[in-house]
Amino acid sequence: DVKVTQSSRYLVKRTGEKVFLECVQDMDHENMFWYRQDPGLGLRLIYFSYDVKMKEKGDIPEGYSVSREKKERFSLILESASTNQTSMYLCASSETSGSSYEQYFGPGTRLTVT
Amino acid sequence: AQSVSQHNHHVILSEAASLELGCNYSYGGTVNLFWYVQYPGQHLQLLLKYFSGDPLVKGIKGFEAEFIKSKFSFNLRKPSVQWSDTAEYFCAVRVVNRDDKIIFGKGTRLHILP
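Fair warning: this is a prediction, and the values are worked out from it, not measured in the lab.

Visitor: Lay out the overall build of chain B in plain terms, naming residues and giving numbers.
Guide: Secondary structure summary: chain B contains zero helices and twelve strands in total. Helices and strands appear in chain B in the N-to-C order β-β-β-β-β-β-β-β-β-β-β-β. Rg of the C-alpha trace for chain B: 14 Å, near the compact-globule value of 13 Å for 114 residues, within the 12% margin. Taking the principal axes of its C-alpha atoms as reference, chain B extends roughly 45 × 25 × 20 Å. With 114 residues in all, chain B has 46% of them scored as buried. At a minimum sequence separation of 6, the contacts of chain B that also span at least 24 residues come to 55%. Of the accessible surface of chain B, which amounts to about 5,500 Å², a share of 52% is contributed by carbon and sulfur atoms. Treating the 12 positive side-chain charges of chain B as one cloud and the 9 negative ones as another, the clouds have centres 5 Å apart.

Visitor: Describe the environment of Met54(A), with residues and values.
Guide: Residue and element names in this part refer to chain A. Here Met54 shows up in strand β6 (residues 54–57). Taking the C-alpha atoms as reference points, Met54 and Leu11, 43 residues apart in sequence, are found 27 Å from one another. The contact partners of Met54, leaving out residues within four places of it in the chain, are Phe48 and Ser49.

Rules used in this analysis
- Residues numbered from 1 in each chain as written.
- Chains lettered and ligands numbered in written order.
- Predicted model: local features only at pLDDT ≥ 70, side-chain atom pairs only at ≥ 80, totals over all residues.
- Heavy atoms only, no water.
- Helix = DSSP H or I, 4+ residues; strand = E, 2+ residues; numbered from the N terminus.
- Rg over C-alpha atoms; globule rule 2.2 N^0.38 Å.
- Buried < 20%, exposed > 50% of the residue type's maximum accessible area, 1.4 Å probe, protein only.
- Contact = heavy atoms within 4.5 Å.
- Areas by Shrake-Rupley, 256 points an atom, 1.4 Å probe, with all protein chains shown as cover.
- Lys, Arg positive; Asp, Glu negative; His and termini not counted.
- Charge placed at Lys NZ, Arg CZ, Asp CG, Glu CD.

If you want it as structure tokens, here you go:
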């Protein structure tokens, strides 16, 4: 079974703090993604990476950055957390070829910024 | 811009009722189509997918979806729902030969009354 793990299920941070969310996948997938999930807005793509050290902006990259130094690990960084970044953050991974582009999701990190 | 529309934000049904959740997308080229489900407190997981061939796709737990190219639709159906189908359902689209991103709809929250 593909496994995508996220470093924390729940996180509470203060406004202005630097926040790191970590994601690890164990299936040697090339692609990794970070989304935020908000009620009524569905999943919105923040950043994705299709290879080590490669990244592309998604639909809502402002206020976020990412790092992918190893194939299995993709980090999301909130440089200076703000209250409007309170959300559920989902990491996903997928293969880049073959018949399946199915994304496998982690359990999510619920971040509260106070 | 490419988009995915789910017509119902919140659906309430009684057990044994039939279900149809609507999904339309806006891109005219070749697409891959997905339905994902998120049960309460669980990971987002794949319900079914369409890549090519028979436009009627069967997934897990008795769900099916029909791809109608002329209508840009991929509606999800189940003839008789169960209380355990209570979840949030997301339709998603990948544009073939563009990149490996998947665009998600805003989700439909399904509540089944016992």
